[in-house]
Amino acid sequence: MDVKIEESWKLRLKDEFEKPYFAQLVALVKQEYRQYTCYPPGRLIFNAFDLCPFDQVRVVIIGQDPYHEEGQAMGLSFSVPEHVAMPPSLVNIYKEIEQDLGKPMPRSGDLTRWARQGVLLLNATLTVRAHQAASHQRKGWEEFTDAAIRVLSQQREHLVFILWGGYARSKAYLIDSTKHLILQSVHPSPLSANRGGWFGNHHFSQANAYLSAHGMAPVDW
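Residues numbered from 1 in each chain as written. Predicted model: local features only at pLDDT ≥ 70, side-chain atom pairs only at ≥ 80, totals over all residues. Heavy atoms only, no water.

S.K.: Tell me about the overall build of the chain, residues and numbers included.
M.R.: A count of helical and extended segments in the chain gives 10 helices and 6 strands. For a compact globule of 221 residues, the expected C-alpha radius of gyration is about 17 Å, and the chain comes in at 17 Å, within 12% of that figure. Over its C-alpha atoms, taken along the principal directions, the chain stretches across nearly 45 × 35 × 25 Å. Of the contacts formed within the chain by residues at least 6 apart in sequence, a portion of 65% connects residues at least 24 apart. Accessible surface for the chain amounts to roughly 10200 Å². Of this, 50% is attributable to carbon and sulfur atoms. Seen as two clouds, the 23 positive and the 23 negative side-chain charges of the chain have centres 2 Å apart. (Helix = DSSP H or I, 4+ residues; strand = E, 2+ residues; numbered from the N terminus. Rg over C-alpha atoms; globule rule 2.2 N^0.38 Å. Contact = heavy atoms within 4.5 Å. Areas by Shrake-Rupley, 256 points an atom, 1.4 Å probe, with all protein chains shown as cover. Lys, Arg positive; Asp, Glu negative; His and termini not counted. Charge placed at Lys NZ, Arg CZ, Asp CG, Glu CD.)

Here it is as structure tokens:
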């Protein structure tokens, strides 16, 4: 199947595109986008991959589901477009960066600048029906994104995988911890973060220290 995705990822994931589950997933997604309002816009479904070629990945941040309200989802986990109000989880991410690195809170929730530095902002599910959280879960997307995590783990070295919350942490088994750094904590959503374990996790400074120790430039968070 010819999938419009960045070429280096197309090469690494070509076997997935030929599997029956992926053909069924594509058919389902096309029907959903025809019949309902779905997010993100079709051209941005693979935005995380398109902005962050395989060999440029340095950090992987795993989310669960795209935002499901109008104008929010842009194909990057936790990110919203310029001039869109920041969701509470992203506010808490920025607060932790401020505490951890002393960087003031940005005005924009658009994380494209992270993606262009090699931060793969990967949701496990890449599409969603408007106003219906998790509506496209367990339809095949997870099999595809698991394959992306697995191929990164197998074919790259010294990456940082950041797993926030129980769902993301359930992906740790896909990652070779002898080759990569895995950082885990509670989710940055207010419900989890305010119970403790989010603020002060120092994931951003830890990620940069690890990258620097292995000869890579730190991320400008």
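S.K.: Describe the sheet that holds strand 6 (residues 181-185), and please don't skip the residues or the numbers.
M.R.: Here 4 strands make up an open sheet; going across it, the order is 3-2-5-6 and the pairing parallel. The open sheet has two edge strands with one neighbour each: strand 3 (119-123) and strand 6. Across the sheet, the mean angle from the axis of one strand to that of its neighbour is 20 degrees, orientation sign disregarded. Looking at chain direction, strand 5 (residues 160-164) and strand 6 are connected through 5 bridges and run parallel. Following the sheet pairing, Trp 164 is matched in strand 6 by Ser 185. Lying on the sheet, helix 7 (residues 141-155) is in contact with strand 2 (59-63), strand 3 and strand 5; it crosses strand 3 at an angle near 150 degrees. (Pairing = 2+ DSSP bridges. Axes fitted to C-alpha atoms, helices over the stretch in contact; angles between N-to-C directions.)

S.K.: A description of the packing of helix 5 (residues 88-101) against helix 10 (residues 203-213) should follow, citing residues and the corresponding values.
M.R.: Between helix 5 and helix 10, whose axes approach to 8 Å, the crossing angle comes to 60 degrees. Between helix 5 and helix 10, the angle is such that the two are oblique. In contact with Ile 93, Glu 96, Ile 97, Asp 100 and Leu 101 of helix 5, helix 10 contributes His 203, Phe 204 and Ser 205. (Parallel < 35°, antiparallel > 145°, perpendicular 65-115°, else oblique.)

S.K.: Please set out the packing of aromatic side chains residue by residue, giving values where relevant.
M.R.: Following the criterion strictly, the structure yields 17 aromatic pairs and no others. Considering the side-chain rings of Trp 9 and Phe 49, the 4.9 Å spacing of their centres and the 80 degrees angle between planes classify their relative orientation as edge-to-face. With Trp 9 in helix 1 (residues 7-12) and Phe 49 in helix 4 (residues 47-51), this pair connects stretches of sequence that are 40 residues apart. The same class applies to Trp 9 and to Phe 49, which are both buried. (Phe/Tyr/Trp six-rings, centres within 6.5 Å; stacked < 30°, edge-to-face > 60°. Buried < 20%, exposed > 50% of the residue type's maximum accessible area, 1.4 Å probe, protein only.)

S.K.: Quick one: what's the story with the pattern of salt bridges, residue by residue and with numbers?
M.R.: Taken as a whole, this structure holds 6 salt bridges when the rule is applied. Glu 16 is the salt-bridge partner of Lys 19, the closest N and O atoms lying 3.0 Å from each other. With a relative accessible area of 34%, Lys 19 lands in the partly exposed category. In this structure Glu 16 comes out as buried when scored by relative accessible area, which is 10%. Across the salt bridge formed by Arg 129 and Glu 32, the nearest N and O atoms sit 2.8 Å from each other. One end of the pair, Arg 129, is in strand 4 (residues 128-129); the other, Glu 32, is in helix 3 (residues 20-35), and 97 residues separate them in sequence. With respect to burial, Arg 129 and Glu 32 carry one shared label: buried. (Salt bridge = Lys/Arg side-chain N within 4 Å of Asp/Glu carboxyl O.)

S.K.: Can you explain helix 10? Please cite residues and give values.
M.R.: Within the span of helix 10, buried status applies to His 203, Phe 204, Ala 207, Asn 208, Tyr 210 and Leu 211. Each buried residue of helix 10 lies within a common arc of 160 degrees when the element is viewed along its axis, so the set occupies one face. Buried residues along helix 10 sit in contact with strand 2, helix 5, helix 6 (112-115), strand 5 and strand 6. Trailing helix 10 by a residue or two, Gly 215 shows a phi angle of about 80 degrees, which is positive. (Arc of directions from axis to C-beta.)

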